[in-house]
Amino acid sequence: MQTLSWSSFWFGQPNYRALKIFRIVFGTLALLHFLAEIPNYSLRFTHMGLYDTEFINHFGNFKNHFLMAVPEWSIFWVYTALLTALIFLISGVGGRFSAIAAFLLHLCLKQNSGFYAVGFEILIPHCLLYLALSGTERSSSQFQKDLASVGVRLFQIQICIIYLYSFKHKMEFESWRSGEALWLVVQNKHSVPLAVSSLIGTPPVLKIISYLVLWSQLVFPFMIWIKKLRPIVLGLGVLFHLGTIFFLFLPFVGLGMISTYVFFLHEKTLQRFYTPFQRQKQL
């Protein structure tokens, strides 16, 4: 029985609808993110940046050693190719090849700007890699079905790892252990507008919120696997990320993480939401 359960955990019925929805939503977010970064093009990828190439190369932990940094003369074309690959991915053109191309192009660009690859850009390569593995179109091949099933499960596990790592990383700082982290954030008027700072800026409230953030990131990876608790866990997760969007102004990180929740929804649940749009399209 244990063997059958473990096998069904990895090789169950793939949730193709979740994969398709995620491909469109996350691909759109990634495309908008890189379009928004065009004004910072020279600061991120050329010698005109805040950190020169030699300084970035010195810190190898930010780099992928199996890829070379992009020559500066070709950065514009690589960036354009990345945007094109994301458009193909969103449109469903090219299948896995679009995801693979976007994944590799992003990693190549990251070689030139490791210090800037934080937040949403840390999430991007994982998601593109798993999309390349799983595919998003239904197939009669059992091997393709198994790949899609494994891909969905890797998405779920990756989300749990992200929350656990985020919790571990926060606990390394005294400001989080003491509950003062968010208070320090809202005092930075360059990051948080005065109106928001005044709204939630009282230290006792922020201390409670800080501990709630830590608690949510610790329990999510465990409670999400309990089906009866899943709707509550997902709902609290959505509220948490909406808070990061509206109060800390981190839209791509918040929406990107919320979009991954689709992999914890049953295909029948997604079908109930999808059917009205499908009927409207047919009309």
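Given the structure is predicted, the values throughout are model-derived calculations rather than measurements.

1. Topic: helix H7 (residues 120–134)
In a regular helix each residue adds 1.5 Å, so 15 residues correspond to 21 Å; H7 covers 21 Å between its end C-alpha atoms and thus fits that length. H7 sits mainly inside the fold: 11 of its 15 residues count as buried. Buried within H7 we find Phe120, Glu121, Leu123, Ile124, Pro125, Cys127, Leu128, Tyr130, Leu131, Ala132 and Ser134. Looking at the packing, one finds that the buried side of H7 touches helix H2 (16–36), helix H3 (41–45), helix H5 (75–91), helix H6 (96–110), helix H8 (142–171) and helix H14 (251–260). Glycine 135 sits one or two residues past H7 and shows a positive phi near 70 degrees.

2. Quick notes on the packing of aromatic side chains
Ring pairs (aromatic) are described by centroid distance and by the angle formed between their planes. Here the structure, examined in full by the defined rule, presents 13 aromatic pairs. On the numbers, 5.0 Å between centres and 65 degrees between planes, the contact of phenylalanine 22 with phenylalanine 155 is edge-to-face. With phenylalanine 22 in helix H2 and phenylalanine 155 in helix H8, this pair connects stretches of sequence that are 133 residues apart. Ring geometry for phenylalanine 220 against tyrosine 261: centres 5.6 Å apart, planes inclined by 25 degrees, an arrangement best described as stacked. Of this pair, phenylalanine 220 sits in helix H12 (residues 203–223) while tyrosine 261 sits in the loop between H14 and helix H15 (267–282), and the two are 41 residues apart along the sequence. Each member of the pair, phenylalanine 220 as well as tyrosine 261, is classed as buried.

3. Details of the nonpolar core
One finds Leu19, Phe22, Leu86, Phe155, Phe220 and Phe263 to be the most contacted residues of the largest nonpolar core, which totals 51 residues. Mapped by element, the contributors of at least two residues to this core are H2, H5, H6, H7, H8 and helix H13 (230–246). Beyond its immediate chain neighbours, meaning those up to four positions away, leucine 86 contacts Ala30, Leu31, Phe34, Ala102 and Leu128. Counting residues in hydrophobic clusters, the runner-up holds 7 residues, among them Phe167, Trp176, Leu206 and Val213.

4. Observations concerning the confidence of the model for the chain
The predicted model of the chain averages 80 in pLDDT, with 77% of residues at 70 or higher. Across residues 279–283, where pLDDT falls below 50, the model places 0 contacts with residues more than four positions away in sequence or in other chains.

5. Re the pattern of salt bridges
Scanning all chains against the criterion turns up 3 salt bridges. Among the salt bridges present, the one from glutamate 137 reaches arginine 23, with a minimum N-O distance of 3.4 Å. With glutamate 137 in the loop between H7 and H8 and arginine 23 in helix H2, the pair connects residues that are 114 residues apart, well separated along the chain. Overall, the relative accessible area of 46% leaves glutamate 137 in the partly exposed class.

6. Details of H13
In this model H13 runs 24 Å from its N-terminal to its C-terminal C-alpha over 17 residues, within 8% of the 24 Å that 1.5 Å per residue would give. If you check which residues of H13 are buried, you get Arg230, Val233, Leu234, Gly237, His241, Gly243, Thr244 and Ile245.

7. Overview of the environment of glycine 243
The residue glycine 243 is located in helix H13 in this model. For glycine 243, a relative accessible area of 19% puts it in the buried group.

8. Considerations on the environment of isoleucine 122
With respect to the helices and strands, isoleucine 122 occurs in helix H7. A relative accessible area of 42% means that isoleucine 122 is categorised as partly exposed. Separated by 40 residues in the primary sequence, isoleucine 122 and isoleucine 162 have C-alpha atoms spaced 9.9 Å apart.

Rules used in this analysis
- Residues numbered from 1 in each chain as written.
- Predicted model: local features only at pLDDT ≥ 70, side-chain atom pairs only at ≥ 80, totals over all residues.
- Heavy atoms only, no water.
- Helix = DSSP H or I, 4+ residues; strand = E, 2+ residues; numbered from the N terminus.
- Expected span 1.5 Å × (residues − 1).
- Buried < 20%, exposed > 50% of the residue type's maximum accessible area, 1.4 Å probe, protein only.
- Contact = heavy atoms within 4.5 Å.
- Phe/Tyr/Trp six-rings, centres within 6.5 Å; stacked < 30°, edge-to-face > 60°.
- Core = buried A, V, L, I, M, F, W, Y, C linked by side-chain atoms within 4.5 Å.
- pLDDT = per-residue confidence, 0-100.
- Salt bridge = Lys/Arg side-chain N within 4 Å of Asp/Glu carboxyl O.

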